[in-house]
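# Residue-level structural notes
Here's the letter readout for the chains.
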Amino acid sequence: MTDLREILPDAASRRLLRRRLMAWYDTHARKLPWRGTHDPYAVWVSEIMLQQTQVGAVVGYFERFMKALPTVEALAKADEHEVLRLWEGLGYYRRARQLHQAAKIIATEHGGRFPSDPEVVRRLPGIGRYTAGAILSIAFDAQEPILEANTLRLFARLLAYPDDPRATEGQRILWAMAEAVLPRHDCGRLNQALMDLGSMVCTVRSPQCEACPLAMLCRANQQGRQLEIPRPKGKRAFESVREAAVVVRRNGRVLLLRWPEGRRWAGLWDFPRFSVSAGPGPVDPRELVENVQALTGATVLPGVRITTFAHGVTRFRITLECFEADFISQKKTKTQLETRWASPSQFEEFPLNSTGRKLAKILQKQITQKPRKVGRKIEN
Ligand code: SF4
């Protein structure tokens, strides 16, 4: 049974933890472009970008995004196309769309001012308990706790919590710990210090306990069980998927489609892309013709394979084979998606997913290279 009172029995022990942590943070805080501001918009954008993404990968995106859309109002007025283009490469595009939706709500229902009421903040699209706690504590100095990957690991080790910290009971105990350590003021700084300590010192594989300001309070350290805690997640089963993308050409332009609401990559543009029968053997050209027609209403003549990408999306390991095709005709159908013809020089204007962008770059390079081969049998 894990009991918070064993590690933090009274107010004096909580003060000691905070004092040691903040003394460490004063000299070790990471310098990040969203630090040092209490602008809730900047904090919010950074926190959404940081969900499922490493700090190092976020910095450049954050600076570019804030330069283009520096306020909630600017984001609310922006076209979704522009928001997705700024997000391109960060992945998990749902975050960008929810950020955009939430900005519109703030603009229309809250006069463009980011709300400070926790209940209201938690109702905004894309904002869960952790993100609300981070924004409210950092921007408004609210006494709100946080629990994310770094603090979850740190707290689990401080408590030597032996069970799954992501399960209901683990979450209850660790959120209680996150609340227990909060001071009355300066909660944002304390929360940031906890995240930095978890990320820089109490790391997943090699916690530096000798450099840790909380070592004397840490039960995992006392028991020599740092590497057993937190209990690892069960291994994920990966699923192999075979997909095809088709570059449909017509008079120097290429057919793009826009993924609708509810689909993977909703809001992004793409080459017609779909699952095909698993191998072995080459992709059946009839599958290419039928799927392009179903998605776009276009009838095509498939050509050679251009390239193959291997990539991962959540638990799927995807092999994406990209083919040329010549356009024959297009009929409007009830189920076809929004489409657009674009020349390779216009691809930069369209937000694409990462494999879509890689394919677009190959096509842009081809413009200056030898004439392509079309209408031939598929080579594999
Ligand atoms: S003593 Fe080690 S295991 Fe404990 S919190 Fe510090 S770095 Fe993590």
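Residues numbered from 1 in each chain as written. Predicted model: local features only at pLDDT ≥ 70, side-chain atom pairs only at ≥ 80, totals over all residues. Heavy atoms only, no water.

Let's shift gears to the nonpolar core. Formed by 104 residues in total, the largest nonpolar core has its most connected members in Y41, W44, F65, W87, F155 and M177. Setting aside residues up to four positions removed in sequence, F65 forms contacts with Y41, V45, M49, L75, V83, L86, W87 and L99. If you look at the next biggest cluster of nonpolar residues, it comprises 16 residues, including W269, F309, L320 and L352. (Core = buried A, V, L, I, M, F, W, Y, C linked by side-chain atoms within 4.5 Å. Buried < 20%, exposed > 50% of the residue type's maximum accessible area, 1.4 Å probe, protein only. Contact = heavy atoms within 4.5 Å.)

Now for unusual backbone geometry. Between I229 and the following residue, P230, the backbone shows a cis peptide bond with an omega angle of 0°. Here P230 lies in the loop between α13 (219-223) and β1 (239-250). For D186, which is not glycine, the phi dihedral falls at a positive 65°. A residue is classified by how much of its surface remains accessible, and D186, at 42% relative accessible area, is partly exposed. Positive phi is not limited to glycine here, since W265 has a value of about 65°. Assignment of secondary structure puts W265 in the loop between β2 (253-258) and β3 (269-270). (Helix = DSSP H or I, 4+ residues; strand = E, 2+ residues; numbered from the N terminus.)

Here we take up the packing of helix α10 (residues 149-159) against helix α12 (residues 187-200). It is the contact of α10 with α12, at a shortest axis distance of 8 Å, that shows an interaxial angle of 80°. The angle between the axes of α10 and α12 places the two elements in the roughly perpendicular class. Contacts from N150, T151, R153, L154 and F155 in α10 reach L194, M195, L197, G198 and S199 in α12. (Axes fitted to C-alpha atoms, helices over the stretch in contact; angles between N-to-C directions. Parallel < 35°, antiparallel > 145°, perpendicular 65-115°, else oblique.)

What follows is about helix α15 (residues 354-366). For α15, built from 13 residues, the straight-helix expectation of 18 Å at 1.5 Å per residue is met to within 8% by its first-to-last C-alpha distance of 19 Å. Every buried residue of α15 is listed here: T355, G356, R357, L359, A360 and L363. On the buried face of α15, the contacting elements are α6 (80-87), β1, β3, β4 (273-275), β5 (298-313) and β6 (316-330). (Expected span 1.5 Å × (residues − 1).)

So, about the environment of F316. Its location among the elements puts F316 in strand β6. Since its relative accessible area comes to 24%, F316 is described here as partly exposed. Note: C-alpha distance between F316 and R19 (297 residues apart in sequence) is 45 Å. Setting aside anything within four residues of it in sequence, one finds F316 in contact with E239, V241 and H311.

The environment of the ligand is made up of L154, R157, L158, V201, C202, C209, C212, A215, C218, N221 and Q226. A per-element tally of the shell around the ligand places α10 first, with three residues. (Near = heavy atom within 4 Å.)

Quick look at the confidence of the model for the protein now. Looking at the protein as a whole, its pLDDT mean stands at 92, while 96% of the residues score no less than 70. Of the regions scoring below 50 in pLDDT, residues 374-380 engages in 20 contacts with residues more than four places distant in sequence or in other chains. (pLDDT = per-residue confidence, 0-100.)

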